[in-house]
Structures are given as C-alpha cells and as structure tokens.
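# Residue-level structural notes
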Amino acid sequence: MDLVGHFGIIVLAAAEEEGGGSFLVSPALGLMFWTLLAFGVTMYVLSKLAFPRIGEALEKRANAIKENIEASEKQREEADKLLAEYRQRLREAREQAEDIVGRARKASEAAVAEAQSEGKARREELVAAARKDIETETRRSLEQIRKEVADLTVLATEKITRKSLDDDDHKRLVEEALSEVDFTALAGAETNGGERS
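It should be emphasised that the depicted structure is a prediction, and the values quoted were computed from it without experimental measurement.

## Considerations on the overall build of the chain
Along the chain, the regular secondary structure elements total four helices and zero strands. The N-to-C order of helical and strand elements in the chain reads α-α-α-α. Pairs at least 24 residues apart make up 56% of the contacts formed inside the chain by residues separated by at least 6 positions. Accessible surface for the chain amounts to roughly 16,500 Å². Of this, 58% is attributable to carbon and sulfur atoms.

## Overview of the confidence of the model for the chain
Scored by pLDDT, the chain comes out at a mean of 79, with 72% of its residues at no less than 70. Ranking the elements of the chain by mean pLDDT puts helix α4 (residues 183–196) last with 52 and helix α2 (residues 29–161) first with 89.

## Comments concerning the packing of aromatic side chains
Per the counting criterion, the structure on display carries one aromatic pair. When the ring of Phe 33 is compared with that of Trp 34, the centres are 5.3 Å apart and the planes differ by 70°; the resulting orientation is edge-to-face.

## A short note on the pattern of salt bridges
Tallying each qualifying case throughout the model produces six salt bridges. Residues Glu 125 and Arg 122 are paired through a salt bridge, measuring 3.6 Å at the closest nitrogen-oxygen approach. Taken together, the positions of Glu 125 and Arg 122, both in helix α2 and three residues apart, correspond to about one turn of that helix. The class for Glu 125 is partly exposed, based on a relative accessible area of 49%. The partner of Arg 140 in a salt bridge is Glu 137, and the shortest N-O contact between them spans 2.1 Å. With Arg 140 and Glu 137 both in helix α2 and three residues apart, the pair spans about one turn of that helix. Judged by its relative accessible area of 36%, Glu 137 is partly exposed.

## So, a negative patch on the surface
Taken together, the side chains of Glu 67, Glu 70, Glu 73, Glu 77 and Glu 78 present a region of like negative charge at the surface. Relative to the helices and strands, Glu 77 is located in helix α2. Residue classification places Glu 77 among the partly exposed positions, given a relative accessible area of 43%.

## Here we look at a nonpolar patch on the surface
Together, Phe 33, Trp 34, Leu 37, Val 41, Tyr 44, Val 45 and Leu 49 line one region of the surface with nonpolar side chains, adding up to about 670 Å² of accessible area. Position of Val 45 relative to the elements: it lies in helix α2.

Quick notes on the rules
Residues numbered from 1 in each chain as written. Predicted model: local features only at pLDDT ≥ 70, side-chain atom pairs only at ≥ 80, totals over all residues. Heavy atoms only, no water. Helix = DSSP H or I, 4+ residues; strand = E, 2+ residues; numbered from the N terminus. Contact = heavy atoms within 4.5 Å. Areas by Shrake-Rupley, 256 points an atom, 1.4 Å probe, with all protein chains shown as cover. pLDDT = per-residue confidence, 0-100. Phe/Tyr/Trp six-rings, centres within 6.5 Å; stacked < 30°, edge-to-face > 60°. Salt bridge = Lys/Arg side-chain N within 4 Å of Asp/Glu carboxyl O. Buried < 20%, exposed > 50% of the residue type's maximum accessible area, 1.4 Å probe, protein only. Patch = residues over 30% accessible without salt bridge, like charges linked within 9 Å, V, L, I, M, F, W, Y side chains within 5 Å. Lys, Arg positive; Asp, Glu negative; His and termini not counted. Charge placed at Lys NZ, Arg CZ, Asp CG, Glu CD.

Listed below in structure tokens is the structure:
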C-alpha cells in the first residue's frame with residue numbers, strides 16, 4: 001500500500017477510537033495533525049520524485065512544440081521562397097513563349113513576303129519570256145507572210161501578163177507588193193493579241 005492508503009487507515013482508526021462518529025463532521029485535533037502530517041509527507045515525496053519529472057516532461061513537451069513551430073515556420077518560409085521562385089520561372093517561361101511566338105510570326109510574315117516577291121519576280125520572268133517568244137514568232141510569221149505574198153504576187157502577175165518574168169521584173173513586183181502591205185499593223189495586232197491572252 002502507498003502512503004495515502006496508510007494515512008486513510010490511520011485516520012479511520014483514530015476516528016473509531018474517539019467515538020465512532022463521522023470524523024468529517026466533527027474533526028478532532030489529532031486527526032487534523034495526522035492529516036497535515038500525511039499531506040506534508042506526500043507533498044515532500046511528490047516534490048522530490050514526481051514534480052521534477054513532471055516539470056521535465058512539460059519542459060520537453062514545450063521544447064518539442066517550440067521546435068515544431070520553428071520547423072513549420074522554416075518550411076513555410078521555404079515553401080514561400082519556392083512559390084516565389086516558381087512564379088518567377090513561370091513568368092520567364094511565359095515571356096520566352098511570347099518571344100518565340102513573336103519571332104515565329106515575324107519569320108512567317110517574312111517568308112510570306114519573300115515568297116510573294118519571288119513569285120512576282122518569277123511571273124515577270126515568265127511574262128518577259130512569253131513576250132520574247134511572241135515577238136520571235138511574230139517576226140517569223142511576218143517573214144513567212146512576206147514570202148507567201150511575194151510568191152502570190154509573182155504568180156498573179158504571170159497569170160495576168162501571161163508571160164514569164166525575169167529576175168529584175170520579179171524583184172520589182174515583189175517590192176511593190178510588199179510596200180503596199182502594212183506589216184507593222186499586223187505585227188502590232190499580233191503583239192496586242194498575245195498580251196491580252
């Protein structure tokens with residue numbers, strides 16, 4: 001049994017000796033003395049054995065709570081730093097993405113403009129080549145028409161005069177026939193027709 005249990009037995013025994021009544025209703029001087037003595041001994045024992053351990057446990061608990069609070073504050077500060085760093089990197093990534101998109105847009109616009117200018121230059125080259133071909137073909141056609149007009153003139157003259165012409169008459173008739181035909185008008189009409197198509 002512990003000290004409190006012994007004290008309770010002593011108190012009960014003292015109460016029975018004095019009169020058998022309730023010791024709580026009418027406390028005796030001896031009972032009060034023994035109660036105070038038991039209380040003092042109990043407090044002494046508690047102060048020597050229990051209170052230091054309880055104080056240590058409370059101090060350890062307070063230190064652990066303080067350390068936990070400090071650790072959580074450090075973690076919160078680190079989390080805030082990481083969040084700020086993440087936001088900064090995100091902002092930089094957005095700026096880089098916008099810069100890349102802007103450069104790509106400029107490059108595509110430059111490529112379109114270059115393709116258009118190359119297409120225009122190529123079209124102009126093709127048109128110039130077509131004009132040159134038309135002019136060459138026109139000259140060839142005019143030369144062929146001249147030859148046919150000359151042959152027809154000689155043939156017609158021979159039929160009209162019913163005689164064969166010598167070389168001098170032949171040249172004179174061809175030159176007269178060719179001077180009457182306006183080949184420049186024919187060349188202009190063919191060139192204009194080629195440009196329209």
